[in-house]
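Chains, contacts and geometry: an overview
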Amino acid sequence: MKNLLERVTLDLIRTTLASCNQKISIKRKKVILLVTSKLSRPSGSSQLPIVTVLWNSVVDTGARRTLTYCSPWKTSHKHEAVLFPPLSSPIRKSLCICLSSSAKLPVMMEERKKTFDANEAALLVKELNESFRTGKTKSYEWRVSQLKSIEKMVVEREKDICEALYKDLSKPELEAFVSEIAMVKSSCKEALKELKQWMKPEKAKTSMETYPSSAEIVSEPLGTVLVISTWNYPFALSVKPVIGAITAGNATVLKPSEIAPATSSLLSKLFEEYLDRSAVRVVEGDVPQTTALLEQKWDKIFYTGSPRVGRIIMTAAAKHLTPVVLELGGKCPAVIDSDVDLQVTARRIVAGKWQANNGQACISVDYIITTKDFAPKLIDALRKGIEECFGTDPMESKDISRIVSSNHFSRLLSLMDEYKVYNKIVVGGQRNQKELKIAPTIFLDVPGDSKLMQEEIFGPLLPIITVGNVKDSIDLINSKTKPLAAYLFTNNDMLKNYFVQSVSSGGMVINDTVLHVTVSSLPFGGVGESGMGSYHGKFSFDAFSHKKAVLYRSFSGDATVRYPPYTPEKQKLIKAVMNGGIFDIILALMGWFLLLNSTLTMTCTTEHDHMTIFLDFPKDSVLTLDEIFGPILALMGRFGD
Amino acid sequence: MATEGENQTVFDVAAASMLTKELRDVFASGKTRSYEWRISQLKSMIKMCDEHEEDIADALHQDLSKPKLESIVYEITMLKNSCTLAIKELKQWMVPEKAKTSLLTFPSSAEIVSEPLGVVLIISAWNYPFLLSLDPLVGAISAGNTMVLKPSELSPATSSLLAKLLPEYLDISSIKVVEGAVSETSALLEQKWDKIFYTGNGRVGRIVMAAAAKHLTPVVLELGGKSPVVVDSGIDLQIATRRIIAGKWGCNNGQACISPDYIITTKDYADKLVDSLKKELEAFYGKNPLESKDLSRIVNSNHFSRLTKLLDEDKVSGKIVYGGERDEANLKIAPTILLDVPCDSLIMKEEIFGPLLPILIVSKIEESWDAINSGTKPLAAYLFTNNKKLKEQFVMSVSAGGVAINDIAMHLAVHTLPFGGVGESGTGSYHGKFSFDAFTHKKAVLYRSFMGDAALRHPPYTLGKLRLMKALMTSNLWTILRALLGRS
């Protein structure tokens, strides 16, 4: 042990910051680092620098793995880190110290891991599987400690998170708070409150065939799971599934989206800092890294994103029989009847479209269906609603997100500028390529074969389709693939019922948009093209749990009828027991006893609704008490229910 | 096996696509959604069982020489029970489930609506060819779907009986049977389904799931695995032995996905266990089990030679302590017990799925957890013990689709327990209400009125709004008050 550590200190200790002194001592099995730096606090940053100790190990493949120990910078620029070198990990050859801060010192990048390939992915999974096998993640205490750390992380780093979201999407702070930070917090809070209850085995009623017995459904963690998240709510859609995975007691790898790089790197940093790195990891990257991850055997893959990639994920999962949750999207319709409170409706549409990350949300309104006569009124109300929210020039508004990337920007332009639709714009249409901004834009009466009505829009464009009768909208919706959400605004109860009965979608809101996502007692997930599996609240716990059926039996109550040689009498009795007719059982039992030449006498009296059975049988009977009474008692139990 | 080709046109991709289109139209008409339709189909199925019990038992006997009692108990009665339960509970299952709403969405109400998925495909297996075909069907019908059943071509008599009986008793427009082997199955798998329910092995399970991925179709995979039985000392040995025999050879001669694959016990106890097994086996099946009418045969010659290969491997052939007799002409293999086989033998690597039962020996019973966990997760795991702590440990540390303590296979008969695998033993579950759920989409529905619209939700976002929103969402009353005051 000592040799190894000395080799580490002698060989390859180096700091990436010149202006930093370090002292290293070895005590027992710990490496103690004392770092002193002349580094002054970066101007303009309210954040304290963070010291990161990168524990690099060179494995056989030559690939470099980074095991990071992170802690906030202590006062007076002195830092003491205590390292417990992981003995099980491959040969350790270097140890280096990095100083970094939220001002992002360039040195941080220099020591970043090189390529993350299939080998590394395999090693990572192996390591996490080992962690899982130790059983630590299964304990209630571990789960709670991790959830509390997430809560702490969200509270302490709210500013950082908002900043990252602003960088990636110009997401307004209130939106970031409401739809990302608060969502994560409330998920943690609920999980902390309910976890004990969720973990409890669920009692199940047992049937007569197995009398006497008890049964329960035990929720057990699946193992090591992979969460691949997306860029539109890069924080919430990463952390919420991870919360589910932790609550259920799994080891977890998170792959945040590379399209929201600031949040991705923040997540990687924060997870290292706050969570148990032996069981919760972040792997950053894009296609090659994801592919490397997907080649591994996982016990569950939770993917949020597009149906195209969803297919790739599921195909990869099939190789290892890994179950998947796919949270996809789809064209979410909003049907608007003419008897609604127009102002409230318009506001809620605005909220569910442009306030939801400027339409870049999987449950934001994709298109509106309304009646011909009502459309002009609705457009006026929407125009007014947009103006109230974002001012006369929405391009200048601080309260609206930008388009995430230039790719998506040009995709949206191609939808807008298609010759079939470009002259259908009734509100908005402005764009600013430099700032990746597109104003809230409404189209009236676009043709059904336009790209705008064929693809999921995922942006600030909102086509309105008109129909003669509001009921016609249902056929229109059902002619497309099943969306993740469907919305209806009406005061007509019949229409509500009809809509709920005949439109299939992941979720549904009547007279509002998007809000069902906040109700944790509702499962959130798609159907058909919009995905499979669901989460939120207890459903998240369930998504990452295996429901193990457990039946407990004792050695009493062994019925010989079950065993060969199979005689016709046995057949009769067993049929009677399984069919559950008490008289059949009695008759069959009588036959059974006669066969055994038993001197049993049996009398039945029926009085009102009571039945009394007297059984008298010899002590040396071949049958045990349980054998005779078991089925009868169980039957009575069944009637007693 | 598909020999009756003369009067059948080939079932190709075009035919499969026509079939799904037809079923999709029927589903769109809404007829399968009605409570009445579902009930009528379930009732017809019971009627079918009652009226054709003999035919069914005959078909099962043709395919597997399955003893009549086994057919009646494990196939026909189980199915009838599923139907009866569904008929009794269906109304309850169909009622939307109320969900609590939070302060955030006040005023509102919420419910979870169970809706049918659409057109589903059920591909079943040959070992319980009647039950494993129709039990999933009960789920698909209860949930209100239209469906195609593809029975296994390895049990041709039951397959053709199903193809004959189902159209006779069930609604032919929404419930179809397609008989066939690989090419027919491939043609079916190319179609877009709303759910695929497959019972069989892991190799085909992978193919089914990969095919499903193309259409984003969710799957239920009911697979198998090496289901272990751990036998502790100090138990009622006779009962344990009888239950093991009933679960192994009494379940289609070991050809069941939850039948015991191997036993783990301690060194001292192994001999006693073997003696007891021998004694009870003889009591059950007589001195010459190859002649017993109470044992199923091996399904076909492929499986027969697979099993003899397992038995004849050098490493294990000397380990047989009971049985080992075989009759190739009648495809029969006697109940065979092997003691102390090495872990790297074929018989301990593959799922056995037949009448062979190896016994592994450990020095301490707790060592069996590691032995089990070092393999893939099995569909079932069994433990015989009177030790409460051991039971707890077993349930906590052994991962399996289902677990039965002090019995074999009986968890299958408890409809309040989900039946299904985990990891290599499958995905998804069914039985009882779980069957209904397996073929249902749980649609989340939130109802709001036009009242209670908070301007707070809408831009322009002011500092005050942010503060109030934060307070509201963290539901701290004091902060809410302060924020409200601060605003006004």
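Basis of the calculations
- Residues numbered from 1 in each chain as written.
- Chains lettered and ligands numbered in written order.
- Predicted model: local features only at pLDDT ≥ 70, side-chain atom pairs only at ≥ 80, totals over all residues.
- Heavy atoms only, no water.
- Helix = DSSP H or I, 4+ residues; strand = E, 2+ residues; numbered from the N terminus.
- Buried < 20%, exposed > 50% of the residue type's maximum accessible area, 1.4 Å probe, protein only.
- Contact = heavy atoms within 4.5 Å.
- Lys, Arg positive; Asp, Glu negative; His and termini not counted.
- Charge placed at Lys NZ, Arg CZ, Asp CG, Glu CD.
- Pairing = 2+ DSSP bridges.
- Axes fitted to C-alpha atoms, helices over the stretch in contact; angles between N-to-C directions.
- 1 Å grid on protein atoms, 1.4 Å probe; cavity = no way out; pocket = protein on both sides within 12 Å on 5 of 7 lines; lining within 4 Å.
- Points joined across faces, edges and corners; volume = space filled by probe spheres on them.
- Nonpolar A, V, L, I, M, F, W, Y, C, P; charged D, E, K, R; others polar.
- Domains from an automatic or database assignment.
- Salt bridge = Lys/Arg side-chain N within 4 Å of Asp/Glu carboxyl O.
- Right-handed = clockwise from strand over helix to strand, strands pointing away.
- Phe/Tyr/Trp six-rings, centres within 6.5 Å; stacked < 30°, edge-to-face > 60°.
- Expected span 1.5 Å × (residues − 1).
- UniProt positions renumbered as here; feature names shortened; annotations may be inferred.
- Buried area = accessible area lost by both parts, 1.4 Å probe.
- Polar contact = N/O pair within 3.5 Å; in protein donor to acceptor, adjacent residues only side chain to side chain.
- pLDDT = per-residue confidence, 0-100.

Counting its secondary structure elements, chain B contains 18 helices and 18 strands. In terms of its C-alpha atoms, chain B occupies a principal-axis envelope of roughly 90 × 60 × 35 Å. In chain B, buried positions account for 62% of the 488 residues. Sequence-distant contacts in chain B: of pairs separated by 6 or more residues, those separated by 24 or more amount to 71%. In chain B, which carries 55 positive and 56 negative side-chain charges, the distance between the mean positions of the two groups comes to 11 Å.

Here 10 strands make up an open sheet; going across it, the order is β8(A)-β9(A)-β25(A)-β16(B)-β15(B)-β8(B)-β9(B)-β14(B)-β13(B)-β10(B) and the pairing mixed. Every interior strand has two partners, whereas the edge strands, β8 (202–204) of chain A together with β10 (320–322) of chain B, have only one. Neighbouring strand axes in the sheet, compared pairwise and without regard to direction, differ in orientation by 25 degrees on average. Inspection of the sheet shows strand β25 (residues 545–553) of chain A paired to strand β16 (residues 402–405) of chain B by 4 bridges, in the parallel sense. Directly across from Leu 551 of chain A, in β16 of chain B, lies its bridge partner Ala 404 of chain B.

Now for the layout of surface pockets. Residues and elements named next belong to chain B. Approximately 1,500 Å³ is the volume attributed to the second largest pocket. Looking at the second largest pocket, it is lined by 49 residues, and the ones nearest its centre are Gly 200, Asn 201, Gly 202, Arg 203 and Glu 351. When contributions to the lining of the second largest pocket are tallied by element, the ones reaching two or more residues are α7 (182–189), β6 (195–199), α8 (202–213), α11 (301–312), α13 (346–349) and α14 (367–373). Looking at which element gives the most residues to the lining of the second largest pocket, the answer is α8, with 5 residues. Looking at the lining of the second largest pocket, its residues break down into 21 nonpolar, 16 polar and 12 charged. Counting only domains with at least three residues in the lining of the second largest pocket, you end up with domain 1 (13–223 + 431–442) and domain 2 (228–423).

A few words now on the sheet that holds strand β21 (residues 461–467) of chain A. One open sheet holds the 10 strands; their spatial order is β17(A)-β20(A)-β21(A)-β16(A)-β15(A)-β22(A)-β23(A)-β18(B)-β2(B)-β1(B), and the pairing between them is mixed. Where the open sheet ends on each side, the last strands, each with one partner, are β17 (425–427) of chain A together with β1 (97–99) of chain B. Between one strand axis and the next, the sheet turns through 25 degrees on average, direction left out of account. The pairing of strand β2 (residues 108–116) of chain B with strand β18 (residues 440–448) of chain B spans 9 bridges and is classified as antiparallel. Within β18 of chain B, the position partnered with Pro 116 of chain B by the bridge is Thr 440 of chain B.

This next bit is on the pattern of salt bridges. Side chains that differ in sign of charge can pair as their charged atoms come close. One pass over the full model with this rule turns up 42 salt bridges over all chains. Between Glu 127 of chain A and Arg 281 of chain A there is a salt bridge; the shortest N-O distance is 2.7 Å. Of the two residues, Glu 127 of chain A is situated in helix α3 (residues 118–134) and Arg 281 of chain A in strand β12 (residues 280–282); the sequence distance between them amounts to 154 residues. A salt bridge links Glu 89 of chain B to Lys 88 of chain B, with the shortest nitrogen-to-oxygen separation between them at 4.0 Å. You can call Glu 89 of chain B partly exposed: its relative accessible area is 24%. Classification of Lys 88 of chain B by relative accessible area gives exposed; the value is 65%. Here the residues in one salt-bridge network are Arg 157, Asp 160 and Glu 273 of chain A, joined through shared partners.

Right, let's get into the pairing of strand β4 (residues 146–150) of chain B. Residue and element names in this part refer to chain B. The buried count for β4 comes to 5 of 5 residues, which makes it a mostly enclosed element. Judged by which residues are buried, β4 turns out to be covered on both faces: Thr 146, Val 148 and Lys 150 on one side and Met 147 and Leu 149 on the other are all buried. Judged from the 5 bridges that link them, strand β3 (residues 119–123) and β4 form a sheet pairing that is parallel. Counted as the bridge partner of Val 120 is Met 147 from β4. Tracing the backbone out of β3, into helix α5 (residues 131–142) and back to the parallel element β4 gives a crossover that is right-handed. Sheet topology note: the β4/strand β5 (residues 175–177) ladder contains 3 bridges and is parallel. Across the sheet, Val 148 pairs through a bridge with Lys 176, a residue of β5. On the question of chirality, the crossover connecting β4 to the parallel β5 by way of helix α6 (residues 156–169) is right-handed.

Attention now moves to the packing of aromatic side chains. Each aromatic ring pair is characterised by the separation of its centres together with the angle its planes make. In the structure shown here, the tally under the stated rule is 15 aromatic pairs over all chains. Ring centres 5.7 Å apart and planes at 40 degrees place the aromatic pair Trp 198 of chain A and Phe 541 of chain A in the tilted group. On the criterion of sequence distance, the pair formed by Trp 198 of chain A in helix α6 (residues 173–199) and Phe 541 of chain A in helix α17 (residues 538–543) is long-range, its members being 343 residues apart. Accessibility assignment for this pair places Trp 198 of chain A and Phe 541 of chain A in one class, buried. Considering the side-chain rings of Trp 126 of chain B and Phe 353 of chain B, the 5.6 Å spacing of their centres and the 80 degrees angle between planes classify their relative orientation as edge-to-face. One end of the pair, Trp 126 of chain B, is in the loop between β3 and α5; the other, Phe 353 of chain B, is in the loop between α13 and β14 (356–362), and 227 residues separate them in sequence.

In this model helix α3 (residues 53–64) of chain B runs 16 Å from its N-terminal to its C-terminal C-alpha over 12 residues, within 8% of the 16 Å that 1.5 Å per residue would give. One or two steps after α3 of chain B, the chain reaches Ser 65 of chain B, where phi turns positive at roughly 50 degrees.

A few words on the UniProt feature "active site" (unreviewed entry) in chain B. Residues and elements named next belong to chain B. Annotation from UniProt places "active site" (unreviewed entry) at Glu 222 and Cys 257. A maximum C-alpha distance of 8.8 Å places the annotated residues, which cover 36 residues in sequence, within one compact spot. Lining the second largest pocket, from the residues named above, are Glu 222 and Cys 257. By the secondary structure assignment, Glu 222 is in strand β7 (residues 219–222). Considering the arrangement of structural elements, one finds Cys 257 in the loop between α9 (237–248) and β9 (262–266). With relative accessibility at 17%, the residue Cys 257 sits in the buried group. What Cys 257 contacts, discounting residues up to four positions off in sequence, is Asn 127, Leu 223, Gly 224, Ser 227, Glu 351, Phe 353 and Leu 379.

Residues and elements named next belong to chain B. Taken domain by domain, chain B consists of domain 1 (13–223 + 431–442), domain 2 (228–423) and domain 3 (454–485). In this assembly, domain 1 packs against domain 2 so that about 1,900 Å² is buried in total across both faces, 56% of it on carbon and sulfur atoms. It is Trp 126, His 431 and Phe 434 that lose the most area in domain 1 upon contact with domain 2, and together they represent 26% of the buried surface on that side. The interface formed by domain 1 and domain 2 contains 0 salt bridges. Across the contact surface, domain 1 and domain 2 share 7 residue pairs in polar contact (both at pLDDT 80 or more). Of all the elements, helix α4 (residues 68–94) adds the most residues to the side of domain 1 that touches domain 2, at 4 residues. For the side of domain 1 that touches domain 2, the residue count by class is 10 nonpolar, 5 polar and 5 charged.

Each partner contributes to the interface: chain B provides 110 residues, whereas chain A provides 106 residues. Of all residues in chain B, Leu 216, Phe 450 and Tyr 461 of chain B give up the largest surface area on contact with chain A, accounting jointly for 11% of the area buried on that side. Our enumeration of links across chain B and chain A arrives at 2 salt bridges. Note that Asp 407 of chain B is salt-bridged to Arg 553 of chain A, the shortest N-O span being 2.7 Å. Inspection of the region where chain B meets chain A yields 35 residue pairs in polar contact (both at pLDDT 80 or more). For the side of chain B that touches chain A, the leading source of residues is α4 of chain B, giving 9 residues. Taken together, the residues of the side of chain B that touches chain A break down into 55 nonpolar, 29 polar and 26 charged. Across 4 bridges, strand β23 (residues 507–510) of chain A lies against β18 of chain B in parallel orientation. Its bridge partner lying in β18 of chain B, Ile 510 of chain A is registered against Tyr 447 of chain B.

Residue and element names in this part refer to chain B. For chain B, per-residue confidence averages 92 on the pLDDT scale, and residues scoring 70 or more make up 93% of the total. Throughout residues 1–7 the model reports pLDDT below 50, and contacts reaching past four residues in sequence, or to other chains, amount to 2 contacts. In the predicted assembly, ipTM is 0.93 and pTM is 0.84.

Turning to the environment of Ile 464 of chain A, a few remarks are in order. Within the secondary structure, Ile 464 of chain A sits in strand β21. Each C-alpha atom, one on Ile 464 of chain A and one on Leu 378 of chain A, is 9.7 Å from the other, the two residues being 86 residues apart in sequence.

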